[in-house]
Amino acid sequence: MTKEEKAIFLLEVYNQEKNRLQTEVLGKKANLLSKKSDPENADFELKKINEYYDLESGRIERRFLRAICALEG
């Protein structure tokens, strides 16, 4: 497999991981809405979900950046 093919494969997997994360977060948000909890608690839970998304999104990006950089070395 050439470097270009490996890079294309990594980008495809990266996109799959980002889509998986987005689907997971949307599911958590939908579950939160279906609970019909009090608004203050819902705001707190939504903030936690958004923080989780940001953290996991950053982890995914860093992992794939390292993998792509490793192709150069």
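Let me begin by describing the structure that accompanies this report. (Residues numbered from 1 in each chain as written. Predicted model: local features only at pLDDT ≥ 70, side-chain atom pairs only at ≥ 80, totals over all residues. Heavy atoms only, no water.)

1. Quick word on the overall build of the protein
And step 1. Broken down by element type, the protein carries two helices and zero strands.
And step 2. A compact globule built from 73 residues should have a C-alpha radius of gyration of about 11 Å, whereas the protein, at 17 Å, is more than 25% larger.
And step 3. Along the first, second and third principal axes, the C-alpha atoms of the protein reach 55 × 15 × 5 Å.
And step 4. A total accessible area of about 5,700 Å² is found for the protein, and carbon and sulfur atoms account for 57% of it.
And step 5. Averaging the positions of the 14 positive and the 14 negative side-chain charges in the protein gives two centres separated by 3 Å. (Helix = DSSP H or I, 4+ residues; strand = E, 2+ residues; numbered from the N terminus. Rg over C-alpha atoms; globule rule 2.2 N^0.38 Å. Areas by Shrake-Rupley, 256 points an atom, 1.4 Å probe, with all protein chains shown as cover. Lys, Arg positive; Asp, Glu negative; His and termini not counted. Charge placed at Lys NZ, Arg CZ, Asp CG, Glu CD.)

2. With respect to the packing of aromatic side chains
And step 1. Tallying each qualifying case throughout the model produces one aromatic pair.
And step 2. For the pair Tyr14 and Phe64, a centre-to-centre distance of 5.6 Å together with 75° between the ring planes defines the contact as edge-to-face. In this pair, Tyr14 is assigned in helix α1 (residues 3-35) and Phe64 in helix α2 (residues 39-72), connecting sequence segments 50 residues apart.
And step 3. Taking the ring centre of Tyr52 as reference, the NZ or CZ of Lys28 above it sits at 3.9 Å. (Phe/Tyr/Trp six-rings, centres within 6.5 Å; stacked < 30°, edge-to-face > 60°. Lys NZ or Arg CZ within 6 Å of the ring centre and 35° of its normal.)

3. What to know about the nonpolar core
And step 1. If you look at the biggest cluster of nonpolar residues, it comprises eight residues: Leu10, Leu21, Val25, Leu32, Ile49, Ile60, Phe64 and Leu71.
And step 2. Those residues in contact with Phe64 that sit more than four places away from it in its chain are Leu10, Val13, Tyr14 and Glu17. (Core = buried A, V, L, I, M, F, W, Y, C linked by side-chain atoms within 4.5 Å. Buried < 20%, exposed > 50% of the residue type's maximum accessible area, 1.4 Å probe, protein only. Contact = heavy atoms within 4.5 Å.)

4. Considerations on α1
And step 1. Helix length check: α1 (33 residues) gives 48 Å between terminal C-alpha atoms against 48 Å at 1.5 Å per residue, within 8%.
And step 2. Listed as buried for α1 are Leu10, Lys18, Leu21, Val25 and Leu32.
And step 3. Contacts from the buried residues of α1 go to α2.
And step 4. Following α1 by one or two positions, Lys36 has its phi on the positive side, about 55°. (Expected span 1.5 Å × (residues − 1).)

5. Considerations on the pattern of salt bridges
And step 1. In total, this model carries seven salt bridges according to the counting rule given.
And step 2. Across the salt bridge formed by Glu17 and Arg63, the nearest N and O atoms sit 3.6 Å from each other. In this pair, Glu17 is assigned in helix α1 and Arg63 in helix α2, connecting sequence segments 46 residues apart.
And step 3. A residue is classified by how much of its surface remains accessible, and Arg63, at 38% relative accessible area, is partly exposed.
And step 4. For Lys28, the salt bridge identified is with Glu24, shortest N-O distance 3.7 Å. A residue pair is termed a helical-turn pair when its members lie 3 or 4 positions apart in one helix, as Lys28 and Glu24 do in helix α1 at four residues.
And step 5. Residue classification places Glu24 among the partly exposed residues on the basis of a relative accessible area of 26%. (Salt bridge = Lys/Arg side-chain N within 4 Å of Asp/Glu carboxyl O.)

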